[in-house]
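Overview (structure and organization)
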Protein chains: 2
Amino acid sequence: MGITKSEIFTDRQNRIAMFAKVFGHPARVAILEHLFKIQTCVCGDLVEEIGLAQPTISQHLRELKQLGLIRGTIEGTRVCYCIDPEKWTAMKAVLYDFLDREAPGTECC
Amino acid sequence: MGITKSEIFTDRQNRIAMFAKVFGHPARVAILEHLFKIQTCVCGDLVEEIGLAQPTISQHLRELKQLGLIRGTIEGTRVCYCIDPEKWTAMKAVLYDFLDREAPGTECC
DNA sequence: TTTATTTATTGCAATATTACGATGATTAAA
DNA sequence: TTTAATCATCGTAATATTGCAATAAATAAA
């Protein structure tokens, strides 16, 4: 049905999935990488840097903003985006807690 | 159009997104957590453990298998699943390389 | 062989995602 | 005030994802 049954999972599992999902598209990965690279915040440069239409970039930026991973500041006719350091750290803690496991070396079954 | 323009991104960015995407659903998070918890591999228990229909679980298992993160071994009428340790480690390396950044403390713009 | 058990596959309905053109809103510049 | 520039939003088309009932496939048990 295209709709995720979030009710049957723990908050923790839903939180992990929510953060992972936002990285599940290369455009959002590229946006974040560019924001990390260009210390001073960027905005419409992302449209040129990445090869997608302006409304598409804007849509991806909104998803990142909704999770709090980036912030946008209006600067005249432009909008400057940057990583939110606290949120980035908090997100890392959630994902690392899930990812940082050692798979047992024993053979399967 | 619902279709991702993978061509315009680097292999690295696509790889990061591909791995992150598979964790972007709580059912797959739950499956992996259960496989980590129950050392000895499980199969249809996942259907009971998680509250989704058998075909749905089977579909999620297939996605994990396609990325190589889990393996399935036929045992009579059952199929035993387990984490692939090498693939798990390789996946971690890819995601950590992306996630493990320090956001600059400087203010936005 | 027949029946049960277990998992994969197929087909489908409902919803979500991706992408973009058109347009609106806001502000700077002329 | 008018025009240009920049970004967000709306509307829409195409595709993807999620979930399940029905069914097939494979093997164990009777």
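Residues numbered from 1 in each chain as written. Chains lettered and ligands numbered in written order. Predicted model: local features only at pLDDT ≥ 70, side-chain atom pairs only at ≥ 80, totals over all residues. Heavy atoms only, no water.

Where an unreviewed UniProt entry is consulted, chain A appears under the name Transcriptional regulator, ArsR family, with the organism given as Sinomicrobium oceani.

Another aspect to go through is the overall build of chain A. Counting secondary structure elements, chain A contains five helices and two strands. Secondary structure elements of chain A occur, N-terminal to C-terminal, as α-α-α-α-β-β-α. Taking 109 residues into account, the globule formula puts the C-alpha radius of gyration at 13 Å, and chain A, at 17 Å, lies well above it. Taken along the three principal axes of its C-alpha coordinates, chain A extends 60 × 35 × 25 Å. Classification of the 109 residues of chain A by burial places 46% in the buried group. Distance between charge centroids for chain A: 5 Å, based on 13 positive and 14 negative side chains. (Helix = DSSP H or I, 4+ residues; strand = E, 2+ residues; numbered from the N terminus. Rg over C-alpha atoms; globule rule 2.2 N^0.38 Å. Buried < 20%, exposed > 50% of the residue type's maximum accessible area, 1.4 Å probe, protein only. Lys, Arg positive; Asp, Glu negative; His and termini not counted. Charge placed at Lys NZ, Arg CZ, Asp CG, Glu CD.)

A word on the pattern of salt bridges. On inspection of all chains with the given rule, the structure shows 14 salt bridges over all chains. Ionic pairing is found between Arg101 of chain A and Glu33 of chain B, a salt bridge with its closest N-O pair at 3.3 Å. In this pair, Arg101 of chain A sits in the segment after α5 (85-99) while Glu33 of chain B sits in helix α2 (residues 26-37), so the two residues belong to two different chains. Residues Arg12 of chain B and Asp97 of chain B are paired through a salt bridge, measuring 2.9 Å at the closest nitrogen-oxygen approach. With Arg12 of chain B in helix α1 (residues 11-22) and Asp97 of chain B in helix α5 (residues 85-99), this residue pair connects regions lying 85 residues apart in the sequence. Linked through salt bridges whose partners overlap, the residues forming this network are Arg12, Asp97 and Arg101 of chain A together with Glu33 of chain B. (Salt bridge = Lys/Arg side-chain N within 4 Å of Asp/Glu carboxyl O.)

Quick look at the relation of the copies chain A and chain B now. For the pair chain A and chain B, the best superposition has an RMSD of 0.0 Å and corresponds to a rotation of 180° with a translation of 0.0 Å parallel to the axis. Accordingly, the operation relating the two chain copies is best matched by a two-fold axis. Of all interface residues in chain A, 100% are interface residues in chain B too; the two copies therefore contact each other through one and the same surface. (Least-squares fit on C-alpha atoms with pLDDT ≥ 70 in both. Contact = heavy atoms within 4.5 Å.)

Size of an interface, as often reported, equals the accessible area lost when the parts are brought together. On the side of chain B, 49 residues touch chain A, which itself brings 49 residues to the contact. For the interface between chain A and chain B, the tally reads eight salt bridges. Residue Lys92 of chain B is joined to Asp100 of chain A by a salt bridge in which the shortest nitrogen-to-oxygen separation is 3.6 Å. Viewed at the interface, chain B and chain A are joined by 16 residue pairs in polar contact (both at pLDDT 80 or more). (Polar contact = N/O pair within 3.5 Å; in protein donor to acceptor, adjacent residues only side chain to side chain.)

All names here are of chain A. The end-to-end C-alpha separation of helix α4 (residues 54-66) is 18 Å, in line with the 18 Å expected for 13 residues at 1.5 Å each. Among all positions of α4, only Ile57, His60, Leu61 and Leu64 are buried. Down the axis, α4 shows its buried residues gathered within 105° of arc, on one side only. Those residues of α4 that are exposed and angled more than 90 degrees off the buried face are Pro55 and Gln66. Each element contacted by the buried residues of α4 is listed here: α1 (11-22), α2 (26-37), α3 (45-49), β1 (70-75) and β2 (78-83). Directly after α4, the chain includes Gly68, whose backbone phi takes a positive value near 85°. (Expected span 1.5 Å × (residues − 1). Arc of directions from axis to C-beta.)

Let us look at the side chain of Asp84 of chain A. All names here are of chain A. Mapped onto the secondary structure, Asp84 falls in the loop between β2 and α5. Within the structure, Asp84 has its side chain in polar contact with the backbone nitrogen of Glu86 (distance 3.1 Å). When sequence neighbours within four positions are dropped, the list of residues in contact with Asp84 reads Gly68, Leu69, Ile70 and Arg71.

Time to look at the nonpolar core. Among the nonpolar cores identified, the biggest contains 64 residues, and Phe23, Trp88 and Leu99 of chain A together with Phe23 and Trp88 of chain B are the most heavily contacted of them. Contact partners of Trp88 of chain A, with chain neighbours within four places excluded, come to Phe23, Leu32, Phe36, Leu69 and Ile83 of chain A together with Phe98, Leu99 and Arg101 of chain B. (Core = buried A, V, L, I, M, F, W, Y, C linked by side-chain atoms within 4.5 Å.)

Time to look at the packing of α1 of chain A against α5 of chain A. Between two packed helices, the angle of one axis relative to the other and the distance separating the axes together describe the packing. Residues and elements named next belong to chain A. With their axes 10 Å apart at the nearest point, α1 and α5 run at an angle of 110° to one another. Put simply, α1 runs roughly perpendicular to α5. As for how α1 packs across α5, the hand of that crossing is left-handed. The residues of α5 that touch α1, namely those facing Arg12, Arg15, Ile16, Phe19 and Ala20, are Met91, Val94, Leu95, Asp97 and Phe98. For the contact of α1 with α5, the residue count by class is seven nonpolar, no polar and three charged. (Axes fitted to C-alpha atoms, helices over the stretch in contact; angles between N-to-C directions. Parallel < 35°, antiparallel > 145°, perpendicular 65-115°, else oblique. Left-handed = near helix turned anticlockwise from the far one by under 90°. Nonpolar A, V, L, I, M, F, W, Y, C, P; charged D, E, K, R; others polar.)

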